[in-house]
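Single-letter residue listing:
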Amino acid sequence: MSSAAVPRIVRWRNPSVLPGFGLSLGFSLFYLSAIVLIPLSALVLRPLSLGWAGFFAEVSTPRVVHALELSFGAAAIAAAINTVFGLIVAWVLVRYKFPFRRLIDALVDLPFALPTAVAGIALATIYAPNGWLGSLFARIGIKTAYSPLGVVLALTFIGLPFVVRTLQPVLAELGRDAEEAAATLGAHRGQTFRRVVLPALAPALITGSALAFARAVGEYGSVIFIAGNLPMVSEIAPLLIVIKLEEYDYAGAAAIGVVMLAISFTIVLLLNIFQAWVQSRR
Amino acid sequence: MSAIASPVPRGFATPTDDHPVVRIALILVSVGFITIFLVLPLITVFAQALAHGFAEACDAVLQPDALSAVRLTLIVAAIAVPLNVAFGIAAAWAISKFDFAGKSFLTSLIDIPFSVSPVISGLIYVLVFGLQGWFGSALRDMNIKIIFALPGIVLATTFVTFPFVARELIPLMTDQGRDEEEAAVSLGASGWRTFLRVTLPNIKWGLLYAVLLCNARAMGEFGAVSVVSGHIRGLTNTMPLHVEVLYNDYQYVGAFAIASLLAMLALVTLVLKSLLEWRYADEIAAVHRH
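Residues numbered from 1 in each chain as written. Chains lettered and ligands numbered in written order. Predicted model: local features only at pLDDT ≥ 70, side-chain atom pairs only at ≥ 80, totals over all residues. Heavy atoms only, no water.

S.K.: Any chance you could break down the overall build of chain A for me, citing the residues and the numbers?
M.R.: Secondary structure summary: chain A contains 13 helices and zero strands in total. Along its sequence from the N terminus, chain A presents helices and strands in the succession α-α-α-α-α-α-α-α-α-α-α-α-α. For chain A, the spread of C-alpha atoms along the three principal axes comes to 80 × 65 × 35 Å. With 282 residues in all, chain A has 51% of them scored as buried. (Helix = DSSP H or I, 4+ residues; strand = E, 2+ residues; numbered from the N terminus. Buried < 20%, exposed > 50% of the residue type's maximum accessible area, 1.4 Å probe, protein only.)

S.K.: Can you lay out the overall build of chain B for me, pointing to particular residues and giving the numbers?
M.R.: Scanning chain B from terminus to terminus reveals 14 helices and zero strands. The linear arrangement of helices and strands in chain B, starting from the amino end, is α-α-α-α-α-α-α-α-α-α-α-α-α-α. Taking 290 residues into account, the globule formula puts the C-alpha radius of gyration at 19 Å, and chain B, at 24 Å, lies well above it. Taking all 290 residues of chain B together, 51% fall into the buried category. Accessible area for chain B stands at about 13100 Å²; split by element, carbon and sulfur atoms hold 66% of it. Of the charged side chains in chain B, 17 are positive and 20 negative; the average position of the first set lies 3 Å away from that of the second. (Rg over C-alpha atoms; globule rule 2.2 N^0.38 Å. Areas by Shrake-Rupley, 256 points an atom, 1.4 Å probe, with all protein chains shown as cover. Lys, Arg positive; Asp, Glu negative; His and termini not counted. Charge placed at Lys NZ, Arg CZ, Asp CG, Glu CD.)

S.K.: Which residues make up the environment of Ile-232 of chain B, and what values do they have?
M.R.: Take Ile-232 of chain B: it is sitting in the loop between helix 11 (223-229) and helix 12 (239-248). In contact with Ile-232 of chain B, other than residues within four places in its own chain, are Phe-148 and Asn-237 of chain B. (Contact = heavy atoms within 4.5 Å.)

S.K.: Can you tell me about the nonpolar core, naming the residues and giving the values?
M.R.: When a protein is soluble and globular, its nonpolar side chains tend to lie buried together. Of all hydrophobic cores here, the largest spans 173 residues; its most connected members are Leu-43 and Leu-114 of chain A together with Leu-169 of chain B. Counting residues per element, this core draws most heavily on helix 3 (residues 62-95) of chain A, which supplies 16 residues. Excluding its chain neighbours within four sequence positions, the residues that come into contact with Leu-114 of chain A are Ala-119 and Phe-157 of chain A together with Leu-42, Ala-263 and Ala-266 of chain B. Counting six residues, the second largest nonpolar core, distinct from the first, contains Tyr-209, Leu-212, Leu-276 and Ala-286 of chain B. (Core = buried A, V, L, I, M, F, W, Y, C linked by side-chain atoms within 4.5 Å.)

S.K.: Talk me through unusual backbone geometry; I want residue IDs and the actual numbers.
M.R.: Positive phi values are uncommon outside glycine, yet Tyr-146 of chain A reaches one of about 60 degrees. Assignment of secondary structure puts Tyr-146 of chain A in the loop between helix 7 (134-139) and helix 8 (148-173). Here His-231 of chain B, not a glycine, exhibits a phi torsion of approximately 55 degrees, which is positive. As for its placement among the helices and strands, His-231 of chain B is situated in the loop between helix 11 and helix 12.

S.K.: Before we move on, can you summarise the interface of chain A and chain B with the specific residues and values?
M.R.: At the interface, 89 residues of chain A touch 93 residues of chain B. Here chain A and chain B share an interface that buries about 8000 Å² over both sides, 79% of which is from carbon and sulfur atoms. Together, Leu-18, Tyr-31 and Tyr-96 of chain A form the three largest contributors to the area buried by chain A at its contact with chain B, with a combined 8%. The tally of links between chain A and chain B comes to two salt bridges. We note a salt bridge from Arg-189 of chain A to Asp-18 of chain B, for which the minimum N-O separation is 2.7 Å. At the boundary of chain A with chain B, the tally comes to 11 residue pairs in polar contact (both at pLDDT 80 or more). Considering every element that reaches the side of chain A that touches chain B, the biggest residue donor is helix 1 (residues 21-45) of chain A, with 18 residues. Along the lines of polarity and charge, the residues of the side of chain A that touches chain B split into 66 nonpolar, 14 polar and nine charged. (Buried area = accessible area lost by both parts, 1.4 Å probe. Salt bridge = Lys/Arg side-chain N within 4 Å of Asp/Glu carboxyl O. Polar contact = N/O pair within 3.5 Å; in protein donor to acceptor, adjacent residues only side chain to side chain. Nonpolar A, V, L, I, M, F, W, Y, C, P; charged D, E, K, R; others polar.)

S.K.: Break down the pattern of salt bridges for me, with residues and values.
M.R.: Per the stated rule, a full pass over the model turns up 17 salt bridges over all chains. Note that Asp-105 of chain A and Arg-165 of chain A form a salt bridge whose closest N and O atoms lie 2.8 Å from each other. One end of the pair, Asp-105 of chain A, is in helix 4 (residues 101-107); the other, Arg-165 of chain A, is in helix 8, with 60 residues separating them in the sequence. For Arg-167 of chain B, the salt bridge is made with Asp-111 of chain B, and the minimal N-O distance between the two is 2.7 Å. Here Arg-167 of chain B, found in helix 8 (residues 163-176), pairs with Asp-111 of chain B, found in the loop between helix 4 (103-110) and helix 5 (118-129); they are 56 residues apart in sequence, far enough to count as distant. When salt bridges with common partners are traced through the structure, they connect Asp-105, Asp-109 and Arg-165 of chain A together with Lys-273 and Glu-277 of chain B into a single cluster.

S.K.: So, the environment of Phe-112 of chain A: which residues are in play, and what are the values?
M.R.: All names here are of chain A. With respect to the helices and strands, Phe-112 occurs in helix 5 (residues 110-113). Taking the relative accessible area as the measure of exposure, Phe-112 reaches 38% and is therefore partly exposed. Measuring from C-alpha to C-alpha, the distance between Phe-112 and Ile-158 comes to 7.6 Å, with 46 residues separating the pair along the chain.

S.K.: Any details on the packing of aromatic side chains? Residues and values, ideally.
M.R.: Taken as a whole and assessed by the stated rule, the structure comprises 29 aromatic pairs over all chains. Feature note: the residues Tyr-220 and Phe-225 of chain A together with Phe-222, Tyr-247, Tyr-250, Tyr-252 and Phe-256 of chain B constitute an aromatic cluster, connected by ring pairs. Positioned above the aromatic ring of Phe-21 of chain A is the side chain of Arg-13 of chain A, whose terminal nitrogen or guanidinium carbon lies 4.2 Å from the ring centre. Sitting over the face of the ring of Tyr-96 of chain A, Arg-23 of chain B holds its NZ or CZ atom 6.0 Å from the ring centroid. (Phe/Tyr/Trp six-rings, centres within 6.5 Å; stacked < 30°, edge-to-face > 60°. Lys NZ or Arg CZ within 6 Å of the ring centre and 35° of its normal.)

S.K.: Report on a nonpolar patch on the surface, specifying residues and quantitative values.
M.R.: Side chains of Ile-38, Leu-45 and Leu-48 of chain A together with Trp-134 and Phe-135 of chain B sit close together on the surface and give an oily, nonpolar patch of about 500 Å² of accessible area. Mapped onto the fold, Phe-135 of chain B is located in the loop between helix 5 and helix 6 (136-141). Judged by its relative accessible area of 41%, Phe-135 of chain B falls in the partly exposed class. (Patch = residues over 30% accessible without salt bridge, like charges linked within 9 Å, V, L, I, M, F, W, Y side chains within 5 Å.)

S.K.: Explain the side chain of Asn-82 of chain A residue by residue, including any values.
M.R.: With respect to the element layout, Asn-82 of chain A can be found in helix 3. Excluding anything up to four places from it in sequence, Asn-82 of chain A contacts Leu-87, Leu-155, Thr-156, Gly-159, Leu-160 and Val-163 of chain A together with Phe-33 of chain B.

Have a look at this one:
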């Protein structure tokens with residue numbers, strides 16, 4: 001609101017009696033630039049030395065394309081698995097009371113807290129052909145470790161908390177009025193869930209799955225031990241970056257990194273637009 | 001209350017309760033999924049470490065290379081975590097206590113490291129400081145080693161743990177407003193005094209919560225550190241990297257013994273985190289956002 005009597009001054013900040021604005025903002029911007037922005041710009045600038053044609057040649061070799069397809073494909077399958085089971089786990093944790101509920105709730109965060117290399121060697125041991133679960137699968141002729149399926153298993157481990165932790169607060173605040181109304185109108189429980197509960201949870205479910213997907217695409221530590229890392233079979237894109245770096249092919253490594261980063265940022269951007277759209281419909 | 005007879009049949013307290021069979025089935029599915037995907041890996045770590053007895057596991061942890069990996073991990077966390085605490089407090093002070101243009105843009109820039117693959121987080125420092133990087137030849141002439149040395153490991157760790165503290169403190173301090181600080185300043189307190197006596201007591205549990213998560217990630221980071229470390233045994237191997245080296249050498253007891261130390265760190269982090277969430281829920285922003 002602007003009044004005609006008061007001259008409008010365009011300021012980039014409102015005055016405040018509190019001290020320390022210059023110091024805190026200055027230090028923040030310096031630190032942000034030094035640690036994040038300048039090094040990231042090196043990633044974007046490096047592939048320029050290849051030229052456009054060189055860049056596309058670099059990222060369209062069969063080995064790179066396969067690695068990118070595996071990283072994004074396996075991440076999508078793992079996110080889908082976590083969408084289903086994450087919804088069930090969140091529902092059970094919020095709606096039901098049962099023994100060890102708090103313990104199970106705390107355990108959901110384990111993939112956040114457990115170092116990825118530790119998860120990686122543990123998963124590789126469990127799903128190896130002679131491992132606890134790997135031997136069971138081997139008996140019915142399914143190869144778990146050292147195959148793309150192993151990649152999916154590791155990415156499922158990594159992604160679960162994203163879906164559960166995004167759903168839980170929404171589910172807790174959902175209230176039961178709408179469900180009660182549906183029940184009094186004669187809907188049975190399954191109809192109520194499909195037509196009333198699920199639409200209300202959908203935005204959080206999509207957000208959680210997208211977060212799990214974005215994390216899984218770049219995941220490295222928990223995957224490389226179980227994947228077996230066969231080129232063109234079970235080699236993920238982050239590993240290919242490491243291999244290129246070991247060959248001192250900086251530009252090639254950076255080119256794959258740029259493609260991954262561009263897709264990840266696009267997902268985050270779409271997610272923000274989606275959330276703004278959901279907010280505006282409320 | 002079990003003493004009062006319920007008008008609705010047992011198991012159906014309200015019409016919005018699920019059928020008992022559905023309820024039990026869903027609980028079993030959840031517990032089963034979590035047991036197979038989360039608990040089994042955890043048990044495997046300890047079981048493999050103790051496969052040949054406790055003495056051998058202890059022996060593996062006390063190897064010189066293992067001890068130097070523990071030392072390096074502690075040093076890296078001791079540098080990276082305080083750096084990010086200083087940044088987190090400064091950024092949260094600027095963003096929550098002042099109004100300025102570009103504030104929400106700055107907030108979203110802080111989140112960037114969370115959407116970057118760990119391997120890329122290491123790669124960017126190789127592109128800047130590596131031998132063929134921006135400053136590679138200049139650093140070599142000055143005989144300064146950043147990549148394949150401690151500074152590179154610290155930088156990569158700082159990058160991946162960058163948002164933790166700021167992300168917790170910005171919403172927390174925004175919620176708490178500016179009244180208390182403005183009162184302190186108008187009563188004549190200096191800026192530092194206001195921060196130490198007014199702001200810090202208000203944010204201490206949120207800060208501790210963030211430090212806990214930041215530290216767990218700093219000590220456990222693998223991908224980013226792996227790219228910049230060079231895997232020099234006894235010199236640039238952190239604990240997660242040493243786990244990898246031993247595992248690839250088929251020294252499974254050693255690998256899982258170090259891994260079980262890291263798993264214990266994760267469990268302690270989870271217990272403390274749950275305690276903080278339970279005891280100080282109102283003073284931790286992440287609990288509300290969850």
